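Below are the chains, spelled out letter by letter.
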Amino acid sequence: MRHPLVMGNWKLNGSKQLTADLISGLRTVLTDVQGCKVVIAPPALYLAQAVAAVEGSNIGVGAQNIDVNLSGAFTGETSAEMLKDTGAGYVILGHSERRTYHHETDEVVAEKFAIVKQQGLIPVLCIGETEAENEAGKTEEVCSRQIDAVINAHGVEALTDAVIAYEPVWAIGTGKSATPAQAQAVHKFIRDHIAKQSREVAEQVIIQYGGSVNDKNAAELFGQPDIDGALVGGASLKADAFSVIVKAAAAAKA
Ligand SMILES: O=C[C@H](O)COP(=O)(O)O
C-alpha cells in the first residue's frame with residue numbers, strides 16, 4: 001500500500017547555517033510523526049551536511065537534479081552515483097524550472113529517470129501544464145505526454161516504487177494553489193492513465209501535488225483520495241509551516 005510523502009524542495013535557497021537550523025527545527029517538531037515519509041531536497045552543495053544532520057531521524061534527503069552521465073568530462077554536473085555515495089535517496093526530475101530554464105525535454109527527463117532507478121534511488125518525476133496549456137484545456141494531454149515519455153522508453157514497471165509530482169506550473173510560487181477538487185481530478189486522471197497499462201503499478205505509485213502548498217491548504221488537499229502528499233517549495237524553508245504540512249498528511253492518510 002502506498003504511503004504519503006511530503007518533500008521539501010529548497011530550490012536555490014540555503015546556506016550552511018540555514019541547513020543546520022532548519023534540520024534541527026524539523027527534528028524537534030517531527031519526532032513523533034508516523035505514517036508520512038518526510039524528505040528534504042537542499043541544493044547539492046549542502047547534501048552531505050544534510051545527510052549527516054538527519055542521521056537517526058525519520059527525515060530523508062533528496063537532490064533536485066542529476067546529469068544524464070555518471071562520470072567524465074561534464075564540467076559543473078553532479079551524477080546519480082555521486083548522490084548515492086553522499087547518502088541521498090531521492091532525486092527530483094523534470095521540475096518545470098529545469099524544463100523551462102534548462103530546456104530539459106521529456107526524453108532527457110526519461111533518460112535521467114532510468115539512471116536514477118539504476119542507481120537504486122527514488123525518482124520524483126515532476127509533470128504539469130502551464131497556464132496557457134491549462135486555459136487551452138490541454139492539462140491531460142500534457143500530463144500523459146510527460147508520463148508516457150518514461151513509460152514508452154522504460155516500460156510501465158519503471159514507475160514501480162517511483163513518485164510522480166503533479167505541479168501545475170501556474171500554481172508554483174504564485175500563492176494560487178489548485179483547488180483540492182481540481183488537483184484530485186488530475187491525480188485521478190494520472191492514476192487511471194497508468195492503470196491502462198498496469199493497475200498494480202498505478203495503485204502503488206505515489207502522486208504528490210505541488211504548487212503553493214502551505215500550512216493552511218494542505219489538510220484539504222490531502223483529504224483527496226489520489227493526493228498522496230506534496231512537493232513543497234517556499235513553505236519547506238520554514239520548519240513550523242513544513243511540519244504542519246507533514247502532520248496534515250499523516251493525519252489525513254492514517
Ligand atoms: O517543487 C516545488 C514546487 O515547485 C512548488 O513550489 P511552491 O510550493 O513554492 O509553489
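Residues numbered from 1 in each chain as written. Predicted model: local features only at pLDDT ≥ 70, side-chain atom pairs only at ≥ 80, totals over all residues. Heavy atoms only, no water.

Chemist: Mind laying out the UniProt feature "binding site: substrate" (unreviewed entry) in the protein chain, listing which residues take part and the relevant values?
Modeler: Those places that UniProt annotates as "binding site: substrate" (unreviewed entry) correspond, in this numbering, to N9, W10, K11, G173, S212, G233 and G234. Across 226 residues, the annotated set stays spatially compact, with a maximum C-alpha separation of 13.9 Å. By secondary structure assignment, the location of N9 is in strand β1 (residues 5-9). For N9, a relative accessible area of 5% translates into the label buried. Relative to the assigned elements, K11 resides in the loop between β1 and α1 (16-29). Residue classification places K11 among the partly exposed positions, given a relative accessible area of 21%. Beyond its immediate chain neighbours, meaning those up to four positions away, K11 contacts A41, P43, Q64, H95, E97, I172 and G233. (UniProt positions renumbered as here; feature names shortened; annotations may be inferred. Helix = DSSP H or I, 4+ residues; strand = E, 2+ residues; numbered from the N terminus. Buried < 20%, exposed > 50% of the residue type's maximum accessible area, 1.4 Å probe, protein only. Contact = heavy atoms within 4.5 Å.)

Chemist: Let's hear about the pattern of salt bridges: which residues, and what values?
Modeler: Applying the stated criterion across every chain yields a total of 14 salt bridges. Notably, a salt bridge pairs D226 with R191, separated by 2.6 Å at the nearest N-O pair. Pair noted here: D226 is in the loop between α10 (218-222) and β8 (229-232) and R191 is in helix α8 (residues 180-195), with a separation of 35 residues, a long-range link. Note on R191: relative accessible area 3%, which makes it buried. (Salt bridge = Lys/Arg side-chain N within 4 Å of Asp/Glu carboxyl O.)

Chemist: Give a detailed account of the site of the ligand, specifying residues and quantitative values.
Modeler: What surrounds the ligand is a group of 13 residues, the closest being K11, H95, E167, G173 and S212. Within the side chain of H95, an N or O atom sits 2.7 Å from an oxygen atom of the ligand. Here an oxygen atom of the ligand and a side-chain polar atom of E167 are 3.3 Å apart. Calculation on the ligand without its partners gives an accessible area of 310 Å², and the protein chains cover 94% of this total. (Near = heavy atom within 4 Å. Polar contact = N/O pair within 3.5 Å; in protein donor to acceptor, adjacent residues only side chain to side chain. Areas by Shrake-Rupley, 256 points an atom, 1.4 Å probe, with all protein chains shown as cover.)

Chemist: Give me the sheet that holds strand β4 (residues 90-93): which residues, what numbers.
Modeler: Two strands in a sheet stick together by hydrogen bonds in their backbones, pointing the same way (parallel) or opposite ways (antiparallel). An order of β1-β2-β3-β4-β5-β6-β7-β8 is seen for the eight strands of this closed barrel, with the pairing classed as parallel. Strand-to-strand twist of the sheet, defined as the mean angle between neighbouring strand axes without regard to direction, takes the value 25 degrees. Its contacts with the sheet put α8 on β5 (122-127), β6 (163-166) and β7 (206-210), and the angle it makes with β7 is roughly 150 degrees. (Pairing = 2+ DSSP bridges. Axes fitted to C-alpha atoms, helices over the stretch in contact; angles between N-to-C directions.)

Chemist: Please set out the packing of helix α7 (residues 139-154) against α8 residue by residue, giving values where relevant.
Modeler: Two elements in contact, α7 and α8, have axes whose closest approach is 10 Å; the angle formed by their N-to-C orientations is 45 degrees. Our classification of the angle between α7 and α8 gives oblique. Two packed elements cross with a definite hand, and for α7 against α8 that hand is right-handed. Where α7 approaches α8, its residues T139, E140, C143, S144, I147 and D148 are matched on the opposing element by V186, F189, I190, H193 and I194. Along the lines of polarity and charge, the residues of the contact of α7 with α8 split into six nonpolar, three polar and two charged. (Parallel < 35°, antiparallel > 145°, perpendicular 65-115°, else oblique. Left-handed = near helix turned anticlockwise from the far one by under 90°. Nonpolar A, V, L, I, M, F, W, Y, C, P; charged D, E, K, R; others polar.)

Chemist: Before we move on, can you summarise the UniProt feature "active site" (unreviewed entry) in the protein chain with the specific residues and values?
Modeler: In this numbering, the UniProt entry assigns the feature "active site" (unreviewed entry) to H95 and E167. These annotated residues cover 73 residues of sequence, and their C-alpha atoms lie no more than 8.4 Å from one another, placing them together at a single site. Overall, the relative accessible area of 4% leaves H95 in the buried class. Each residue touching H95, except ones within four places of it in the same chain, is listed here: N9, K11, C126, E167 and I172. Those residues in contact with E167, other than ones at most four positions away along the chain, are H95, C126, I127, G128, E129, I172, G210, G211 and L231.

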